[in-house]
Every structure is written in structure tokens, then in C-alpha cells.
Amino acid sequence: MKYFNFKDKRLSALGLGAMRLPTLEDGSIDVDLTEKMIDTAIDKGINYFDTAYPYHGGMSEIVVSKILKKYPRD
């Protein structure tokens with residue numbers, strides 16, 4: 001993985017965007033599949049995640065934050 005220095009942080013050149021997370025038939029985010037995606041991304045060295053309030057009706061930030069809580073933020 002290639003990394004860039006940004007201020008005092010080391011950010012991966014590739015990031016995972018949460019604009020189009022996998023969904024279930026009812027349109028809600030498939031949390032289990034999203035967690036697998038995030039776990040794989042972190043395992044491959046990605047440490048940059050992009051989400052915003054409008055994504056998935058405001059739910060992408062909530063889902064992504066709950067998944068990322070199991071990882072240290074150092």
C-alpha cells in the first residue's frame with residue numbers, strides 16, 4: 001500500500017467510500033457485508049474511509065463508525 005503524509009498522519013493512497021454500501025432488499029445497509037468489506041480494507045492497509053451524512057439517508061456514518069470502533073485510532 002502506498003501512503004501519504006498529511007500533517008502528522010499517514011494516510012493510505014486508496015480509501016473506502018461509503019456512498020454506495022451494500023444494501024438489503026428493504027434498502028437498509030447490509031451491516032454484516034459492510035463489516036467484511038471494512039475488515040478486508042483494513043487488512044490490506046487502507047486507513048482512509050470516506051462517509052458523509054447524505055449517504056444512505058444519514059446511516060452510513062453510523063454504520064461505519066460502529067464497525068470502526070473495534071479498531072484502535074492510533
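Provided above is the structure to which this section pertains.
Now for a look at the structure at hand.

1. Considerations on the nonpolar core
At step 1: If you look at the biggest cluster of nonpolar residues, it comprises 10 residues: L16, A18, L21, I29, I38, A41, I46, V63, V64 and I67.
At step 2: Those elements that place two or more of their residues in this core are α1 (31-43) and α2 (59-68).
At step 3: Broken down by element, the residue count for this core peaks at three residues, all from α2.
At step 4: What I29 contacts, discounting residues up to four positions off in sequence, is L21, P22, T23, L24, T34, H56, M59, S60 and V63.

2. Side note on the packing of α1 against α2
At step 1: Remark: α1 packs on α2, axes separated minimally by 10 Å, with the N-to-C direction vectors making an angle of 55°. Judged by the inter-axis angle, α1 sits oblique to α2. For the element pair α1 and α2, the recorded crossing hand is right-handed. Counting all contacts with α1, which are made through V31, T34, E35, I38 and I42, the residues of α2 involved are V63, V64, I67 and L68.

3. Concerning the pairing of strand β1 (residues 3-6)
At step 1: Relative to strand β2 (residues 9-12), β1 runs antiparallel, the two sharing four bridges. Counted as the bridge partner of F4 is L11 from β2.
At step 2: Hairpin remark: β1 followed by β2, antiparallel, with two residues in the connecting loop; positive phi at K7, about 55°.

Calculation notes
- Residues numbered from 1 in each chain as written.
- Predicted model: local features only at pLDDT ≥ 70, side-chain atom pairs only at ≥ 80, totals over all residues.
- Heavy atoms only, no water.
- Core = buried A, V, L, I, M, F, W, Y, C linked by side-chain atoms within 4.5 Å.
- Buried < 20%, exposed > 50% of the residue type's maximum accessible area, 1.4 Å probe, protein only.
- Helix = DSSP H or I, 4+ residues; strand = E, 2+ residues; numbered from the N terminus.
- Contact = heavy atoms within 4.5 Å.
- Axes fitted to C-alpha atoms, helices over the stretch in contact; angles between N-to-C directions.
- Parallel < 35°, antiparallel > 145°, perpendicular 65-115°, else oblique.
- Left-handed = near helix turned anticlockwise from the far one by under 90°.
- Pairing = 2+ DSSP bridges.

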